[in-house]
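Structural overview for review
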Amino acid sequence: MVSRSVQQEVIVRRLPDLLRAVYEGRLRVPSSDQPPWDDKRRLKLLEAIYRGLPVGSLTVLRTTVELDYRHTLGTVPLREQPGPGQGSAGDYLVDGIELVTTLFEALGPAFWRNDGARGHRPLAPAEARLAFDVQTRTFQNRRSDETWRVTEYALENLFDAERQHGFAKSLRQFSDGERMANRLAHLVDAFFDFNLPVITIASDDVEAVQSALAIRLVPASLPREHQLTTTCWYCDTCAQRIEQPRDGWVEWLVRREGTQWIGRGLRLVHHQPASPLPQGCQYDDQQEFTRDRSTLRDLPLEDFLGPDGLTRLLMLLDQYELPRAEVIEMINRLHVPGYERARFHIPDAVAAGVIDLNLPEGFYRQRQIANALEWADREGRKP
Ligand SMILES: [Zn+2]
């Protein structure tokens, strides 16, 4: 499914099915930029589920764009689905990450234990576990070194029928054991039958999805790859890095022919004080004048950055003074995040089959740039 539009569907999913999808790697959980919930909020969530109160909805992004996601939640290593190869979509949780993480950390170990292929290996012990006290009907957060009451049931055993029966049996030795066993059964039912509305947004246009999420004030946990930035540039004369905007210089040459100005040689170089070359990296204006009577136009790199810098470049494009391709390339370099470095690697990444170009020549999506950069890093390529 490759879609440039954004489609959405809303379905209701049972909590165990949802957590199973997380365990099996069918629903991927990205790292969140939000702080994890504190104990108080966790306990409140469990209480809400126990009482059948709504706890909000989840948003899932279905996309062929490959995003970062977590391979372990709590102490549980998640299963890997075969990677979303070309054209096949993966589901990523983008809203409700803390909620699902909290629930999975509490309830998830049962999936591991019941997984015949893997469950014979014990999980690392958790620092704290959530429990339900069938006597007081309250949830507790228990550190591993705390003593548990005999009426406390670890939530990580909630989806484990065998342990649940064992615990119910042990309760019946108490005078009001039958009542407590009923409460345990009620707890299990409440979690088993708990429903969560899930909004699935299907799109490969990450920017559109990000905008859609921003409307709901969701801090979009979208992938690092798509938050590319350009933090340094490469000099067209000496090929060395231009570390900061004030070290850069944009220059080009113009000459008059009849009533027309004709430009050439738009480039980004080191400003004289930052140049590693003794003669500097900028044009020698006398030499260029001798060559074809061109005069030098130049401005600091800083003047071409930011929104006003983009406007300046667009004006340059509009004046027809310079070849369009040169101005467009400079706009790409200065305003398309990640392109400045990726441009060195895109042709080889295409040849290696790492990226597929599907826009007109000279234009790239952020995903393509990210993939080219990732590949270059993997291969140890410079710059
Ligand atoms: Zn230079």
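Residues numbered from 1 in each chain as written. Predicted model: local features only at pLDDT ≥ 70, side-chain atom pairs only at ≥ 80, totals over all residues. Heavy atoms only, no water.

**Remarks on the side chain of Glu 152**
To keep it simple, the criterion reads: Each helix is a run of H or I in the DSSP string that is no shorter than four residues. Each strand is a run of E no shorter than two, and both are numbered from the N terminus. Exposed residues in this analysis have more than 50% of their type's maximum accessible area, buried residues have under 20%, and partly exposed residues fall in between, with area computed by a 1.4 Å probe over protein chains only. Contacts are residue-level and defined by heavy atoms, with any inter-residue pair within 4.5 Å sufficient.
Mapped onto the elements, Glu 152 comes out in strand β9 (residues 152-154). Its relative accessible area of 5% is what places Glu 152 among the buried residues. Each residue touching Glu 152, except ones within four places of it in the same chain, is listed here: Ala 131, Phe 132, Asp 133, Gln 140, Arg 142 and Phe 167.

**Details of the packing of aromatic side chains**
We apply this condition: Pairing of aromatic rings covers Phe, Tyr and Trp, the last counted by its six-membered ring, and requires centre-to-centre distances within 6.5 Å; plane angles under 30 degrees mean stacked, over 60 mean edge-to-face, and any other angle means tilted. Whether a charge lies above a ring is judged from NZ of Lys or CZ of Arg, which has to be within 6 Å of the ring centre and within 35 degrees of the ring normal.
Within this structure, the stated rule accounts for 13 aromatic pairs. Seen in terms of ring centroids, Phe 111 and Phe 159 are 6.0 Å apart; in terms of plane orientation they differ by 65°. Their pairing is edge-to-face. Here the residue Phe 111 occupies a position in helix α4 (residues 109-113), and Phe 159 occupies one in the loop between β9 and α5 (161-171), the gap between them amounting to 48 residues. Chaining the aromatic ring pairs together yields one cluster made of Tyr 23, Phe 104, Phe 111, Phe 159 and Phe 192. A cation over a ring is seen here: Arg 267 above Tyr 283, with NZ or CZ 3.6 Å from the ring centre. The ring of Trp 261 is capped by Arg 297, whose NZ or CZ atom sits 5.2 Å from the centre of that ring.

**Here we look at the pattern of salt bridges**
Pairing between side chains of opposite charge can happen when the charged atoms of each approach one another. Basically, it comes down to this: Throughout this description, the term salt bridge denotes a Lys or Arg side-chain nitrogen within 4 Å of a carboxyl oxygen of Asp or Glu.
Scanning the model with the defined rule gives 29 salt bridges in all. For Arg 179, the salt bridge is made with Asp 176, and the minimal N-O distance between the two is 3.8 Å. A relative accessible area of 49% places Arg 179 in the partly exposed class. Close ionic contact of Arg 267 with Glu 251 constitutes a salt bridge, the shortest N to O distance being 2.9 Å. Residue Arg 267 is located in strand β14 (residues 260-270), and its partner Glu 251 is located in strand β13 (residues 248-257); the two are separated by 16 residues in the primary sequence. Taken as a pair, Arg 267 and Glu 251 share a single burial class, namely buried. Members of the salt-bridge network, linked through shared partners, are Arg 255, Glu 257, Arg 264, Glu 288, Arg 291 and Asp 292.

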